[in-house]
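Each chain, letter by letter, is given below.
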Amino acid sequence: MDPAGASVANVIGGSEGEKFAKGNIYSVKLITGDEFRGIVMAYDPIPNFVGSKPRPGHSKNTRMVNVSFITGLSYLGKTEEPLLTDSCWVNLDGLRAKEALAVRQAEADAERMGVGVTTEAQSIFDALSKTLPVQWENSDILVMKEVRVRSPYLSDCVFGGTDAANNRVKKVLELERRRLQLFGT
């Protein structure tokens with residue numbers, strides 16, 4: 001999204017620091033169409049971001065907003081102490097769980113990416129992984145820990161495993177090769 005010319009934040013009176021002073025309460029509309037009400041917790045003029053928390057009794061999400069993306073801003077008042085400790089809290093256990101999940105997902109995604117392989121090889125790996133357990137072993141694709149598919153990843157490059165497993169891998173390879181030719185990728 002190009003925020004150029006969309007911001008009304010620079011039209012409202014006062015400097016950015018005064019406008020986004022800690023404790024000011026605003027109703028905000030963004031260029032994305034999102035609307036929310038919040039209390040200013042912080043403003044950083046260098047990246048032009050304002051941090052806000054919801055008003056008491058509303059959702060518990062804190063937002064960081066690029067001021068350039070604000071298309072509507074209505075001043076609703078001021079609160080005396082926007083950072084009351086009894087209403088500001090962070091669920092550290094929840095954050096740690098989200099972080100651990102994100103790390104596990106990133107590691108799993110990284111394991112699925114072939115190193116030094118062609119886009120075609122990665123596409124074949126991805127197609128096989130939809131129905132079969134696969135992993136990279138250097139530039140070979142190891143399917144079901146028994147069938148090995150070597151470069152250039154053709155049906156005659158399938159080795160090992162039982163005949164049934166071998167035939168299944170060959171069938172998926174042939175279908176994927178046809179799909180790649182059909183879509184020209």
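Residues numbered from 1 in each chain as written. Predicted model: local features only at pLDDT ≥ 70, side-chain atom pairs only at ≥ 80, totals over all residues. Heavy atoms only, no water.

In the nomenclature of an unreviewed UniProt entry, the chain corresponds to AD domain-containing protein from the organism Brassica campestris.

**Quick word on unusual backbone geometry**
With an omega of 15 degrees, the peptide bond running from Ser 151 to Pro 152 counts as cis. Locating Pro 152 in the fold gives a position in the loop between strand S8 (147-149) and strand S9 (158-159). Phi is positive for Met 144, which is not a glycine, with a value near 55 degrees. Relative to the helices and strands, Met 144 is located in the loop between strand S7 (140-143) and S8. (Helix = DSSP H or I, 4+ residues; strand = E, 2+ residues; numbered from the N terminus.)

**Here we look at the pairing of strand S6 (residues 134-137)**
A one-sided burial pattern is seen for S6, the buried positions being Val 134 and Trp 136 and the unburied ones Gln 135 and Glu 137. Summarising the sheet, S6 and S7 pair through 4 bridges and their orientation is antiparallel. Paired with Gln 135 across the two strands is Leu 142, which belongs to S7. Hairpin connection from S6 to S7: 2 residues lie between these consecutive antiparallel strands, with Asn 138 at a positive phi of about 60 degrees. (Buried < 20%, exposed > 50% of the residue type's maximum accessible area, 1.4 Å probe, protein only. Pairing = 2+ DSSP bridges.)

**Focus: the confidence of the model for the chain**
Scored by pLDDT, the chain comes out at a mean of 80, with 77% of its residues at no less than 70. Residue range residues 1-13 is modelled with pLDDT below 50. Its contacts to residues more than four positions away, or to other chains, number 28 contacts. (pLDDT = per-residue confidence, 0-100. Contact = heavy atoms within 4.5 Å.)

**As for the pattern of salt bridges**
Counted under the stated rule, the structure contains 6 salt bridges. Asp 140 serves as the salt-bridge partner of Arg 148, at 3.3 Å between the closest nitrogen and oxygen. With a shortest N-O distance of 3.6 Å, Arg 150 and Asp 140 are connected by a salt bridge. With Arg 150 in the loop between S8 and S9 and Asp 140 in strand S7, the pair connects residues that are 10 residues apart, well separated along the chain. On the accessibility criterion, Arg 150 (37% relative accessible area) is partly exposed. (Salt bridge = Lys/Arg side-chain N within 4 Å of Asp/Glu carboxyl O.)

**Digging into helix H4 (residues 163-183)**
With 21 residues, H4 ought to run about 30 Å at 1.5 Å a step, and its terminal C-alpha atoms sit 30 Å apart, in line with that. Restricting attention to buried positions, one finds in H4 the residues Ala 165, Asn 166, Val 169, Val 172, Leu 173, Glu 176, Arg 177 and Leu 180. Down the axis of H4, the sector holding all buried residues measures 140 degrees, keeping them to one side. Facing away from the buried side of H4, by more than 90 degrees, are the exposed residues Asp 163, Ala 164, Lys 171, Arg 178, Gln 181 and Leu 182. If you follow the buried residues of H4, they end up packed against helix H3 (119-129), S7, S8 and S9. (Expected span 1.5 Å × (residues − 1). Arc of directions from axis to C-beta.)

**With respect to the pairing of strand S1 (residues 24-30)**
Most of S1 sits out of view: 5 of its 7 residues are buried. Sheet analysis places S1 next to strand S5 (residues 70-78), joined by 7 bridges and oriented antiparallel. Bridge assignment links Ile 25 to a residue of S5, and that residue is Gly 77. Sheet topology note: the S1/strand S2 (residues 35-44) ladder contains 5 bridges and is antiparallel. Across the sheet, Lys 29 pairs through a bridge with Glu 35, a residue of S2. Taken together, S1 and the strand that follows it, S2, pair antiparallel across an intervening segment of 4 residues, in which Gly 33 is found at a positive phi of about 100 degrees.

**Describing the nonpolar core**
In globular proteins that are soluble, nonpolar side chains generally tend to be buried together. One finds Leu 128, Ile 141, Val 143, Val 149, Tyr 153 and Val 169 to be the most contacted residues of the largest nonpolar core, which totals 18 residues. Going through the elements one at a time, H3, S6, S7, S8 and H4 are the ones with two or more residues in this core. In terms of residues, this core owes the most to one element, H4, which gives 5 residues. Beyond its immediate stretch of four places on either side in the chain, Val 169 contacts Leu 128, Leu 132, Val 143, Met 144, Val 147, Val 149 and Val 158. (Core = buried A, V, L, I, M, F, W, Y, C linked by side-chain atoms within 4.5 Å.)

**Thoughts on the side chain of Gln 122**
Mapped onto the elements, Gln 122 comes out in helix H3. On the basis of relative accessible area, Gln 122 is assigned to the buried category, the value being 11%. Of note is the side chain of Gln 122, whose polar atom sits 2.8 Å from the backbone nitrogen of Gly 114. Leave out the neighbours within four places in its chain, and Gln 122 touches Arg 112, Met 113, Gly 114, Val 117 and Trp 136. (Polar contact = N/O pair within 3.5 Å; in protein donor to acceptor, adjacent residues only side chain to side chain.)

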